[in-house]
Amino acid sequence: AAAAEHGVESVKRQLCRLVTSSLSATAPGVDAEPMLEVSRPGFGDYQCNNAMSLFARIRGTGTTYQNPVAVGQAIANNLPPSDIVESTSVAGPGYVNIVISSDWIAERIQNMLIHGVKTWAPKLLVKRALLDFSSPNIAKEMHVGHIRSTIIGDTLARMFEFANVEVLRRNHVGDWGTQFGMLIQFLFEKFPNWEEVGNQAIGDLQSFYKASKTKFDEDEGFKGRAQQAVVRLQQGEDRYRAAWKNICQISRNEFDLVYKRLGVELEEKGESFYNPYIPPVLEEFTAKVVKKDGGFNYASTDLAALWYRLNVEKAEWIIYVTDVGQQQHFHKFFSAASMAGWLPDQNGKRYPKTSHVGFGLVLGPDGKRFRTRASEVVRLVDLLDEAESRCKAELKKRLTENGKIADWTDYELEKTSEIIGLGAVKYADLKNNRLTDYTFSFEQMLSDKGNTAVYLQYAHARICSIIRKAGKDIEKLKMSGSITCIHSDERTLGLHLIRFQEVVEQACTDLFPHYLCDYLYNLSEAFSKFYTNCPVIGSPEETSRLLLCEATAVVMRHCFYMLGITPVYKL
Ligand code: ARG
């Protein structure tokens with residue numbers, strides 16, 4: 001309730017409104033969108049870039065402005081008075097540099113501390129989004145490719161949730177298709193009494209899959225029988241359905257272990273869920289757009305799923321997270337849906353909105369697709385195990401070196417390495433622009449230097465220890481003390497803090513989690529600089545500076561939270 005009551009608009013949005021009003025005063029009747037961005041260092045805090053294009057539009061229409069610089073001057077002068085803007089200046093061909101008031105920055109941070117970081121939740125246009133992510137295939141191993149979809153999808157979901165968007169997290173597992181004919185037939189032939197043996201008959205599902213695939217490729221007779229089995233499964237014959245259900249359950253149990261370990265929540269609605277919707281949807285499409293092949297293929301299932309998501313689940317934004325290789329598939333089927341009138345135009349944009357969030361490959365040290373030495377796909381669990389054990393060794397070494405090892409129980413060591421290792425794997429993935437391939441390297445991701453989760457964990461833990469050492473009641477300080485941003489490093493830190501909201505908004509809008517990682521890393525850099533140059537404990541500014549420490553820690557933790565990383569307080 002407090003958050004809703006005290007929720008504020010982002011700095012950028014507030015400035016945009018000032019600029020909009022200035023633009024209409026500067027060039028009445030010309031409808032121009034505000035162009036505002038963060039300035040380069042030394043050119044104010046934000047800059048408005050409208051003057052140049054605005055001049056081009058109004059020159060020769062009897063305007064009195066001589067050049068873009070004059071337009072820039074007018075934009076600056078016409079900004080309505082406000083507490084936000086400290087000063088403006090015009091630079092170069094007409095850039096308007098805006099300096100934010102230091103008092104305003106300080107007050108905004110203090111309000112956040114008092115009313116909670118949720119008051120900095122961005123306001124998005126949609127109320128309900130559906131995220132289709134992870135979505136592995138039954139009977140196949142979840143590999144490093146799926147970890148990308150799971151981690152990126154989960155982070156997007158968390159960012160949207162922070163922005164008060166209701167998120168439907170959907171696991172579109174591949175639980176239907178021709179591979180089941182092969183698996184079921186193999187099961188029946190190998191264990192004619194499988195109903196009695198139960199899941200033991202299958203044992204390790206991946207090996208079972210491989211064996212049945214080999215038989216399928218080598219034995220023509222078996223191939224024919226497997227194809228028959230698909231038909232009988234699709235017709236709903238009991239024995240076939242029971243076997244299918246069983247196989248799905250084995251996979252599901254394995255997937256769930258991974259999700260639990262990653263701390264990811266998902267609701268399974270697999271391909272088979274949409275089967276009943278395929279015939280009517282294809283019917284509609286035959287009339288309007290595409291030819292019908294009558295099959296239950298990937299694309300028809302996706303059309304049926306989209307129909308369901310639009311009409312039953314009423315999602316306003318539907319987002320699919322898969323490797324970039326599937327981009328064509330998604331763009332084709334989005335335009336088919338649009339041709340069928342499912343995504344009508346609203347002010348030049350399709351509504352409801354659909355997006356494909358593509359991502360690149362995970363590469364090994366050789367620059368090729370990441371594989372084990374035996375050139376098998378890397379299993380996710382092995383990867384997490386290794387990250388954790390490496391972390392433990394590193395942590396032990398470090399604690400021994402600085403004489404703190406005696407303060408740690410074995411359980412604490414174990415738990416902490418687990419948290420740090422898992423966070424490191426997630427962060428190493430999320431910090432890259434998702435569209436590019438990235439090279440998987442334990443050395444790199446577990447380093448405590450540079451843009452890594454380990455470095456950020458140490459940075460956060462250090463801030464917490466500063467606050468602890470001060471021995472003050474922070475809750476009381478928030479209410480009684482006040483923040484000032486006088487030193488230039490205090491101001492830089494403060495300005496970065498208040499940009500949190502617009503960064504989350506931009507990351508949600510563009511569907512790019514790495515914006516948030518960049519922000520978090522830069523925040524810890526700004527803090528380092530502040531801490532080097534501004535003494536905290538025992539200084540005359542102690543109260544204000546402690547509050548800046550606290551605000552930094554709070555914002556860092558919320559970044560961690562959205563990135564699916566658990567903060568460690570003691571390191
Ligand atoms: N199961 C697919 C795969 O592993 C991903 C499914 C993505 N979602 C969808 N609605 N098509 O490649």
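Residues numbered from 1 in each chain as written. Predicted model: local features only at pLDDT ≥ 70, side-chain atom pairs only at ≥ 80, totals over all residues.

Section: the overall build of the protein chain
Assigned secondary structure in the protein chain consists of 23 helices and 13 strands. Here the protein chain holds 571 residues, and the buried ones make up 40% of them. (Helix = DSSP H or I, 4+ residues; strand = E, 2+ residues; numbered from the N terminus. Buried ≥ 20, exposed ≤ 12 C-beta atoms within 10 Å, placed from the backbone.)

Topic: the UniProt feature "domain: DALR anticodon binding" (unreviewed entry) in the protein chain
The feature "domain: DALR anticodon binding" (unreviewed entry), as given by UniProt, occupies residues 456-571 in the numbering adopted here. Segment residues 456-571 splits into 73% helix and 0% strand. End C-alpha atoms: 11 Å apart. (UniProt positions renumbered as here; feature names shortened; annotations may be inferred.)

Some points on the pairing of strand E5 (residues 128-132)
Judged by how many residues are buried, E5 sits mostly within the fold: 4 of 5 residues are covered. Of the crossover connections in this fold, the one passing from E5 over helix H6 (residues 144-162) to the parallel strand E6 (residues 166-171) is right-handed. Here 4 bridges tie E5 to strand E8 (residues 317-323), and the two strands are oriented parallel to one another. Looking at the pairing, Leu-131 lines up with Ile-319 of E8. (Right-handed = clockwise from strand over helix to strand, strands pointing away. Pairing = 2+ DSSP bridges.)

Quick word on the domain arrangement of the protein chain
For the protein chain, the assigned domains read domain 1 (2-100) and domain 2 (179-262). A separation of 64 Å is found between the C-alpha centroids of domain 1 and domain 2. (Domains from an automatic or database assignment.)

Here we look at the nonpolar core
Ile-319, Ala-424 and Leu-516 are the most contacted members of the largest nonpolar core, which has 127 residues in total. When residues of this core are assigned to their parent elements, the largest contribution, 11 residues, is made by helix H23 (residues 542-562). Filtering out sequence-adjacent residues up to four positions away, Ile-319 remains in contact with Ala-129, Leu-130, Leu-131, Asp-132, Leu-156, Ser-355, Val-357 and Leu-511. Among the nonpolar cores identified, the runner-up in size contains 21 residues, and Ile-138, Met-182, Phe-216 and Tyr-240 belong to it. (Core = buried A, V, L, I, M, F, W, Y, C linked by C-beta atoms within 7 Å. Contact = placed C-beta atoms within 7 Å.)

With respect to the sheet that holds strand E1 (residues 36-38)
A sheet is described by the order of its strands in space; here 4 strands give the open sequence E1-E2-E4-E3, paired in antiparallel fashion. Every interior strand has two partners, whereas the edge strands, E1 and strand E3 (85-91), have only one. Direction aside, neighbouring strands of the sheet carry axes that sit 25 degrees apart on average. Here strand E2 (residues 46-48) runs beside strand E4 (residues 95-100); their pairing, made up of 3 bridges, is antiparallel. Paired with Tyr-46 across the bridge in E4 is Ile-98. (Axes fitted to C-alpha atoms, helices over the stretch in contact; angles between N-to-C directions.)

Side note on the environment of Ile-98
Turning to its location among the elements, Ile-98 is positioned in strand E4. You can call Ile-98 buried: it has 24 C-beta atoms within 10 Å. Considering only alpha carbons, one finds Ile-98 and Arg-169, 71 residues apart in sequence, at a separation of 41 Å. Once you skip the residues sitting within four places of it in the chain, Ile-98 turns out to touch Leu-15, Gly-44, Asp-45, Tyr-46, Gln-47, Cys-48, Val-85 and Thr-88.

Here's the deal with the environment of Asn-402
By the element assignment, Asn-402 lies in the loop between helix H15 (380-401) and helix H16 (410-430). With 256 residues separating them in the primary sequence, Asn-402 and His-146 have C-alpha atoms 39 Å apart.

Considerations on the pairing of E4
Burial runs high along E4: 5 of the 6 residues are buried. Bridge analysis of E3 against E4 gives 6 bridges, and the strand direction is antiparallel. Paired with Ser-89 across the strands is Asn-97, a residue of E4. Connecting E3 to the next strand, E4, in antiparallel fashion are 3 residues, including Gly-92 with a positive phi near 55 degrees.

Description of helix H3 (residues 50-58)
Buried residues of H3: Asn-50, Ala-51, Leu-54 and Phe-55, and no others. An end-on view of H3 places all buried positions within 120 degrees of arc, on one side of the element. Packing partners of the buried residues in H3 comprise helix H2 (11-26), E2, helix H4 (68-78) and E4. (Arc of directions from axis to C-beta.)

Comments concerning the packing of helix H20 (residues 488-498) against H23
Working note: a packed helix pair is described by the angle between its axes plus the distance between those axes. Axis separation between H20 and H23 bottoms out at 11 Å; the angle between their running directions is 35 degrees. The handedness of the crossing between H20 and H23 comes out as left-handed. Counted together, Glu-490, Leu-493, Gly-494 and Leu-497 of H20 and Leu-548, Ala-551, Thr-552 and Val-555 of H23 form the full contact between these two elements. In the contact of H20 with H23, the residues fall into 5 nonpolar, 2 polar and 1 charged. (Left-handed = near helix turned anticlockwise from the far one by under 90°. Nonpolar A, V, L, I, M, F, W, Y, C, P; charged D, E, K, R; others polar.)

Description of the sheet that holds E5
Spatially, the 5 strands line up as an open sheet ordered E7-E6-E5-E8-E11, and their pairing is parallel. Every other strand in the sheet has two partners, leaving strand E7 (267-268) and strand E11 (353-359) as the edge strands with one partner each. Examined bridge by bridge, E5 and E6 share 5 bridges and lie parallel to one another. Counterpart to Ala-129 in the pairing with E6 is Val-167. Here H6 sits on the sheet and contacts E5, E6, E8 and E11; the angle it forms with E8, its principal contact strand, is near 155 degrees.

Overview of the environment of Ala-106
Tracing the backbone shows Ala-106 in helix H5 (residues 102-115). Considering only alpha carbons, one finds Ala-106 and Gln-326, 220 residues apart in sequence, at a separation of 47 Å. Setting aside residues up to four positions removed in sequence, Ala-106 forms contacts with Ile-483, Thr-484, Cys-485 and Gly-494.

Things to note about the confidence of the model for the protein chain
Scored by pLDDT, the protein chain has a mean of 93; 98% of the residues are at 70 or more. Two numbers describe this predicted complex: its pTM, 0.95, and its ipTM, 0.99. (pLDDT = per-residue confidence, 0-100.)

Some remarks on H4
Within the sequence span of H4, burial applies to Pro-68, Val-71, Gly-72, Ala-74, Ile-75 and Ala-76. Buried residues in H4 make contact with H2, E2, H3, E3 and E4.

Side note on unusual backbone geometry
That bond from Tyr-351 to Pro-352 is cis: its omega, -10 degrees, falls within 30 degrees of zero. As for its placement among the helices and strands, Pro-352 is situated in the loop between strand E10 (349-350) and E11. For Lys-314, which is not glycine, the phi dihedral falls at a positive 50 degrees. Of note, Lys-314 is situated in the loop between helix H13 (298-311) and E8.

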